[in-house]
Amino acid sequence: IQSIRDLDEALSDGRVFSAYQPIVRIDTGEIIGLEALARMRRQDGRILAAGEFQDAMTDARIASRLTDHMLREVAADVRRWLDMGIPFQHVGVNVTGTDFRAGCLDERIEEAFAAADVPLRHVILEVNENVYMGGSDNRVARAAERLRSKGMRIALDDFGTGHASLTHLLDFPVDIIKIDKSFVDRIVADRPSLAIVQALVEVARKLDMRIVAEGIETAEQADRLLSLGCVLGQGYRYSRPVHASVTTDLLLRFA
Ligand code: G
Ligand code: G
Ligand code: NA
Ligand code: MN
């Protein structure tokens, strides 16, 4: 794939960076966390979102290079926010099954944040259900447990879109459920979507997990989520993913 080489070169040239999307309290607008999202600046200057170079991430070597790079970028940005005295809570970093299976993910994460002197309680790992694809041994669950014992939390991303997602809550340590955008998209128009989100909120409450709605774009969606007891969310209604410097401004104003 051409994009593997592009991403490889971009990593070598320092053209890969992290954008951040705020996670907010829907009722107050307060920023309670961030999600880190990889961005690549092409030679011609155009910025590509992660979704535009996801093919390249199927290559295990590139995927792990990208992860290590993102961990360092994010750790450095968080260090800066802490140094500014911003009451920073947490940042979510996206990792894949490949990262887990490559081994020593916990050490790589630990090293990256220790180098920037950032405590791991500020770090959330966002994994989606694909983490289970290609091997249902519990190696992944054990790695996740190790990460948690070091203070990180685990968010199950895109929840509800994969296979047998509810069983993942049994087999895998999860602190946070992220409701996929596809449910939020339909929550106003469509009773079944509303019912499903309502059930997920209830499951999260009973299992002592936090729940975050993704892809909130309208006030109606936000109101509907609040009425169901889903208080945390992210989406274009609050902010698109933005550059670290813009994130600083947002944190100073809304954190
Ligand atoms: O940023 P964008 O909306 O294009 O993200 C598209 C997809 O890419 C999302 O599923 C997101 O989880 C994933 N993604 C974004 N940043 C990273 C990253 O740093 N590492 C990995 N593995 N996936 C990422
Ligand atoms: O798979 P994951 O949830 O990590 O994907 C996040 C992706 O969703 C990012 O590419 C981000 O840019 C995108 N995103 C975040 N909020 C919104 C939104 O409100 N609307 C749309 N269309 N995309 C969003
Ligand atoms: Na994510
Ligand atoms: Mn998601």
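Note: the structure precedes this text.
Remember, it's a predicted structure, so these values are computed and weren't measured experimentally.

1. Observations regarding the packing of helix α4 (residues 105-115) against helix α5 (residues 139-149)
Contact geometry of α4 with α5 gives a least axis separation of 9 Å together with a crossing angle of 25°. As far as their axial angle goes, α5 and α4 are roughly parallel. Considering the relative orientation of α4 and α5, their crossing is right-handed. Of the residues in α5, those touching α4 at L105, D106 and I109 are A143, R146 and L147.

2. Considerations on the packing of helix α2 (residues 60-83) against α4
The interhelical angle for the contact between α2 and α4, taken along N-to-C directions, is 30°, at an axis separation of 8 Å. The angle between α2 and α4 places the two elements in the roughly parallel class. Between α2 and α4 the crossing geometry is right-handed. Residues D68, L71, R72 and A75 of α2 touch α4, and the partners they reach there are R108, I109, A112, F113 and A115. Of the residues in the contact of α2 with α4, the class split is 6 nonpolar, no polar and 3 charged.

3. Quick word on the pairing of strand β8 (residues 210-213)
Of the pairings in the sheet, the one linking strand β7 (residues 176-179) to β8 comprises 4 bridges and is parallel in character. Following the sheet pairing, K178 is matched in β8 by V212. Strand direction decides the pairing type here: β8 and strand β9 (residues 232-233), joined by 2 bridges, are parallel. Its bridge partner being in β9, A213 is matched across the sheet by G233. Note that the unit made of β8, helix α9 (residues 219-227) and β9 has a crossover that is right-handed.

4. Comments concerning the environment of D68
One can find D68 in helix α2. Under the C-beta neighbour-count criterion, D68 is labelled partly exposed, with 16 such atoms within 10 Å. Along the primary structure D68 and R153 are separated by 85 residues, whereas in three dimensions their C-alpha atoms are 18 Å apart.

5. Some remarks on the environment of G45
You can see G45 is positioned in the loop between β2 (31-41) and β3 (47-49). The class for G45 is exposed, based on 7 C-beta atoms found within 10 Å. C-alpha of G45 to C-alpha of R15: the two residues are 30 residues apart in sequence and 9.6 Å apart in space.

6. Structural notes on the site of ligand 2
In the neighbourhood of ligand 2, 15 residues make up the surrounding shell, with G215, E217, G235, Y236 and P241 lying closest. Partitioned by chemical class, the residues of the shell around ligand 2 number 5 nonpolar, 6 polar and 4 charged.

7. Here's the deal with α9
Residues of α9 that are buried include every one of Q221, A222, R224 and L225, and no others. Projection of α9 onto a plane perpendicular to its axis shows the buried side chains occupying an angular sector of 165°, all on one side. The exposed residues of α9 that point more than 90 degrees off its buried face are A219, E220 and S227. Contacts from the buried residues of α9 go to α7 (181-186), α8 (191-206), β8 and β9. Positive backbone phi, approximately 90°, marks G229, located one or two places after α9.

8. What to know about the nonpolar core
By size, the foremost hydrophobic cluster in this structure holds 66 residues, and its most contacted members are V93, L125, I177 and I179. Dropping the residues within four chain positions of it, V93 is found in contact with A36, M70, L71, V74, V123, L125 and E126.

The rules behind each value
- Residues numbered from 1 in each chain as written.
- Chains lettered and ligands numbered in written order.
- Predicted model: local features only at pLDDT ≥ 70, side-chain atom pairs only at ≥ 80, totals over all residues.
- Axes fitted to C-alpha atoms, helices over the stretch in contact; angles between N-to-C directions.
- Helix = DSSP H or I, 4+ residues; strand = E, 2+ residues; numbered from the N terminus.
- Parallel < 35°, antiparallel > 145°, perpendicular 65-115°, else oblique.
- Left-handed = near helix turned anticlockwise from the far one by under 90°.
- Contact = placed C-beta atoms within 7 Å.
- Nonpolar A, V, L, I, M, F, W, Y, C, P; charged D, E, K, R; others polar.
- Pairing = 2+ DSSP bridges.
- Right-handed = clockwise from strand over helix to strand, strands pointing away.
- Buried ≥ 20, exposed ≤ 12 C-beta atoms within 10 Å, placed from the backbone.
- Near = placed C-beta within 6 Å.
- Arc of directions from axis to C-beta.
- Core = buried A, V, L, I, M, F, W, Y, C linked by C-beta atoms within 7 Å.

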